[in-house]
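Residue-level listing of the chains:
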Amino acid sequence: MEFRKDINGLRAIAVIAVVLFHFDASWMPGGFAGVDVFFVISGFLMTGIIFRGIEKESFSILKFYIARANRIIPALAILCLALLVFGWFYLTPFDYRALGKHVGSSLTFVSNFIYWMEAGYFDTASHEKWLLHTWSLSVEWQFYIIYPLVLVAMRQFMSLKMMKTAILLGSVFGFIFCVIATYQWPSTAYYLLHTRAWEMMIGGVAYLYPFSIQEKRKKLLEWIGLALIVSSYWLISKDNPWPGYLAIFPVFGSFLIIQAQRNNSFITSNIVFQKVGAWSYSIYLWHWPFVVAIYYYSLDSIFIYFGITLSILLGFLSYKYIEKIKFRNDFTSVFGYLKCKPVYFLCIIGFLGSVIFVGNGINTPIRSFASSEEAKYVSIYHLDNYKKYLPEAFMDQCNFFDVESLSAKVNDISEACTTNGKGGIFIWGDSHAQALSYGIRSTFPNVHINQVASSGCRPLIKADDESIEEYKRACDRSNEMAKNKILKIRPKVILLAQRIDHDKNDYSEILHYLHENKLPSKLILVGPSPQWQPSLPIAIARRHFNVADKVISDLSFNRSVLRINSQLHIDYDNSEIEYFSMIDQLCNKNGCLAKVDDKNTPLVFDYGHLSLKGSKYVVENMMKDIISSYL
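All values derive from a computational prediction rather than experimental measurement.

Visitor: For the overall build of the chain, give the residues involved together with the corresponding values.
Guide: Helix and strand counts for the chain stand at 25 helices and 10 strands. For the chain, the C-alpha radius of gyration of 28 Å lies close to 25 Å, the compact-globule estimate for 631 residues. Split into buried and exposed, the 631 residues of the chain put 55% on the buried side. Sequence-distant contacts in the chain: of pairs separated by 6 or more residues, those separated by 24 or more amount to 79%.

Visitor: Give a detailed account of the environment of His127, specifying residues and quantitative values.
Guide: Structurally, the position occupied by His127 is in the loop between α5 (111-118) and α6 (135-155). Put simply, His127 and Ile380 are 253 residues apart on the chain and 21 Å apart in space, counted from C-alpha to C-alpha. Once residues lying within four places of it in the same chain are set aside, the contact partners of His127 are His22, Trp288, Val291, Val292 and Tyr295. At 3.4 Å, the side chain of His127 forms a polar contact with the side chain of Ser126.

Visitor: Go over the sheet that holds strand β5 (residues 493-497) with me, naming the residues and quoting the values.
Guide: Spatially, five strands are ordered β4-β3-β5-β6-β8 in an open sheet, and the strand pairing comes out parallel. Two strands close off the open sheet at either side, each with one partner strand: β4 (449-453) and β8 (578-580). Each neighbouring strand pair of the sheet contributes to a mean axis angle of 20 degrees, computed without reference to strand direction. Direction of pairing for β5 relative to strand β6 (residues 522-526): parallel, over a ladder of five bridges. Each residue of the ladder has a partner; that of Val493, found in β6, is Lys522. Of the strands in this sheet, β3 (425-429), β4, β5 and β6 are in contact with helix α19 (residues 431-443), which crosses β4 at around 165 degrees.

Visitor: Can you tell me about the pattern of salt bridges, naming the residues and giving the values?
Guide: Tallied over the entire structure, the rule returns 22 salt bridges. In this structure, the salt-bridge partner of Asp464 is Arg458, at a minimum N-O distance of 3.5 Å. Each member of the pair Asp464 and Arg458 is classed as buried. Two residues, Glu480 and Lys483, come together in a salt bridge whose shortest N-O distance is 3.4 Å. Of this pair, Glu480 and Lys483 both sit in helix α20 (residues 469-489), three residues apart, which is roughly one turn of that helix. Here Lys483 falls in the buried class, since its relative accessible area comes to 12%. If you follow the salt bridges from partner to partner, you end up with Asp36, Arg196 and Glu199 in one network.

Visitor: I'd love a proper account of the sheet that holds strand β9 (residues 587-588), names of residues and values included.
Guide: Backbone hydrogen bonds are what pair the strands of a sheet, in a parallel or an antiparallel way. The sheet built from three strands is open, its strands ordered β7-β10-β9 with antiparallel pairing. Across the chains shown, the open sheet's two edge strands, defined by having one partner strand only, are β7 (551-552) and β9. With two bridges connecting them, β9 and strand β10 (residues 591-593) associate as antiparallel partners. For Cys587, the partnering residue across the bridge sits in β10 and is Cys592.

Visitor: Tell me about the side chain of Lys595, residues and numbers included.
Guide: Tracing the chain through its elements places Lys595 in the loop between β10 and α25 (612-628). Asp549 is the oppositely charged side chain nearest to the buried, salt-bridge-free Lys595, at an N-O distance of 5.3 Å. Separated by 2.5 Å, the side chain of Lys595 and the backbone oxygen of His544 make a polar contact. One polar contact links the side chain of Lys595 to the main-chain carbonyl oxygen of Asp549, over a distance of 3.0 Å.

Visitor: I'd love a proper account of the layout of surface pockets, names of residues and values included.
Guide: Considering only enclosed or pocket space, the second largest pocket measures out at about 1,200 Å³ in volume. Those elements that place two or more of their residues in the lining of the second largest pocket are α1 (5-23), α2 (34-55), α3 (61-90), α6, α13 (271-296) and α14 (302-323). Looking at which element gives the most residues to the lining of the second largest pocket, the answer is α2, with nine residues. Tallied by class, residues from the lining of the second largest pocket come to 21 nonpolar, seven polar and 10 charged.

Visitor: Let's hear about the state of the cysteines: which residues, and what values?
Guide: According to the stated counting rule, one finds three disulfides in the structure shown. Disulfide partner of Cys398: Cys417, at an S-S distance of 2.1 Å. The sign of the S-S torsion, about -95 degrees, decides the handedness of the disulfide formed by Cys398 and Cys417: left-handed. Of this pair, Cys398 sits in the loop between α18 (390-393) and β1 (401-402) while Cys417 sits in the loop between β2 (407-408) and β3, and the two are 19 residues apart along the sequence.

Visitor: Can you explain the packing of α19 against α25? Please cite residues and give values.
Guide: Where α19 meets α25, the axes come as close as 8 Å, and the angle between the chain directions of the two elements is 60 degrees. In the packing of α19 onto α25, the handedness of the crossing is right-handed. Contact residues: Ala435, Leu436, Tyr438, Gly439, Ile440, Ser442 and Thr443 in α19; Leu612, Ser615, Lys616, Val619, Glu620, Met623, Lys624 and Ile627 in α25.

Visitor: How would you explain the packing of aromatic side chains if you had to name every residue and give the values?
Guide: This model, assessed by the stated rule, comprises 36 aromatic pairs. Look at Trp141 and Tyr144: their rings are 6.2 Å apart centre to centre, the planes differ by 70 degrees, and that puts the pair in the edge-to-face class. Taken together, the residues Trp141 and Tyr144, both in helix α6 and three residues apart, mark about one turn of the helix. For the residue pair Trp141 and Tyr144, the accessibility class agrees, reading buried in each case. A centroid spacing of 4.2 Å and a plane angle of 15 degrees characterise the contact between Phe401 and Tyr471, whose relative ring orientation is stacked. Of this pair, Phe401 sits in strand β1 while Tyr471 is found in helix α20, placing the two residues 70 residues apart along the sequence. The exposure class of Phe401 is buried, given its relative accessible area of 0%.

Conventions adopted
Residues numbered from 1 in each chain as written. Predicted model: local features only at pLDDT ≥ 70, side-chain atom pairs only at ≥ 80, totals over all residues. Heavy atoms only, no water. Helix = DSSP H or I, 4+ residues; strand = E, 2+ residues; numbered from the N terminus. Rg over C-alpha atoms; globule rule 2.2 N^0.38 Å. Buried < 20%, exposed > 50% of the residue type's maximum accessible area, 1.4 Å probe, protein only. Contact = heavy atoms within 4.5 Å. Polar contact = N/O pair within 3.5 Å; in protein donor to acceptor, adjacent residues only side chain to side chain. Pairing = 2+ DSSP bridges. Axes fitted to C-alpha atoms, helices over the stretch in contact; angles between N-to-C directions. Salt bridge = Lys/Arg side-chain N within 4 Å of Asp/Glu carboxyl O. Lys, Arg positive; Asp, Glu negative; His and termini not counted. 1 Å grid on protein atoms, 1.4 Å probe; cavity = no way out; pocket = protein on both sides within 12 Å on 5 of 7 lines; lining within 4 Å. Points joined across faces, edges and corners; volume = space filled by probe spheres on them. Nonpolar A, V, L, I, M, F, W, Y, C, P; charged D, E, K, R; others polar. Disulfide = S-S within 2.5 Å. Left-handed = near helix turned anticlockwise from the far one by under 90°. Phe/Tyr/Trp six-rings, centres within 6.5 Å; stacked < 30°, edge-to-face > 60°.

Everything listed here is a matter of coordinates, which is why it stays silent on function.
What follows is the structure in structure tokens.
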């Protein structure tokens, strides 16, 4: 096939969008759609390779696989090796263990399944996963494995014309399924092949059904395609279900640009886009670890520009010195394929990742950082360690959502959650209400305390229109249970608490519900806790390990809670609802209280859930008198 400058330029349009979105989503809110553009390009190129081989009766599945391995594995393997070396010196055992797992899954091209299974309520933030972006490479590789097998099998009983028709119909039905799946199973639809294959098949349709049009119309076609792609970058955001029906815009836009076949277009053929397009795969590989590093170490925003520059530089170097290496793929026997060098890269580095994972992040003195006091401190509060305290402390039996299986519980919560006597305190909300409940029960041992608090579930009177899938099922049941039990228990105090987005709730609806049912209960709305990304223990270990530094000011602080706190004051300071501001109590112009004793015990054990001692500290020192006045 003749080199297509337009396709190379389209790669640049895709990678620029992805890079800008990842470094700062406000620059290009829908830049993640660049991945979908890549999928279309891959489908076009792979369909061309396969059909040309089938038509000439010279197509070899093994040679196809080896060619893909030669193209994809070397640069990916070098990136993984670099991260393993970096992690040896700078990552805690838990983080290094996770990196080892992700290296192994990335090099075996199953990382999309791993990230799909890891996605959950207490899951590590995406910006702490150094190889998260490899999910798309795994999807592509899975397509590369299945697609030629299906086409070769189809050729045994189908004409080429019928095969082309089947791909066209498969694209249409694949899109319809994708739309349905995105709303029914959003996490699955995002990460897995069955809802992404149609995008690559659309690229195949572009190869199989090329347009034959005049030059003037080609230009119009290109501009329409570009408008569809660029508009998706700016008008779509991460708040939209994806891929879904909206994916048709970048996908069809890419289809039109490929069909326009304008090799002399200034838009796609200019020197800048040609260079960036050539380096796009390596730029894509290297940019994400820099995004993670900026987040992981809470670096100033100026480092975004250094990160972008280094991504391009390393992308160029990777392209020139790794991607351009010509590995053999002209083996004459099955055993000859055992000489494929990239496969050995995969096996060796993948094995290293597996050893690190199985070895729990090499938590031994041979890794000096792993045995440092700071690393030990972070490990104490890592969820894998700290979660052993949570079922009892959070009263997990009062939770309609199972955080381990990421599903709504089949059975109702324990009767013990709501049969502790009438009056007293009723705790209603999500896991932040659960965290607060530990301090409430410790501080008020002689008060009747009932609780309905489910992970990810904000307190609502109406059905939850924000949650989806299993969360919605759990949350609607949780809130319905809370509403009904409140009528029977008639608590003196109802505590409402949730993670964030308090300003999206209208708590006066709950107050109106109480009035309707003639309940004299006092509503106390607890505002957001101070929150840090990726977690407070990490911020303390890296920059505030001196036990004297109790109040800290840190770049990792999530400032959105300040905006929410201000809005809640406006909405509820002069209402019947008592607003308790945790931010006002714990923060001042010098920062926020981060430690609750002289032993570096953090206020929150992760990004914002109160630690056990943190919960007791807040309730005993700041909430006790307020709650007592209504009992």
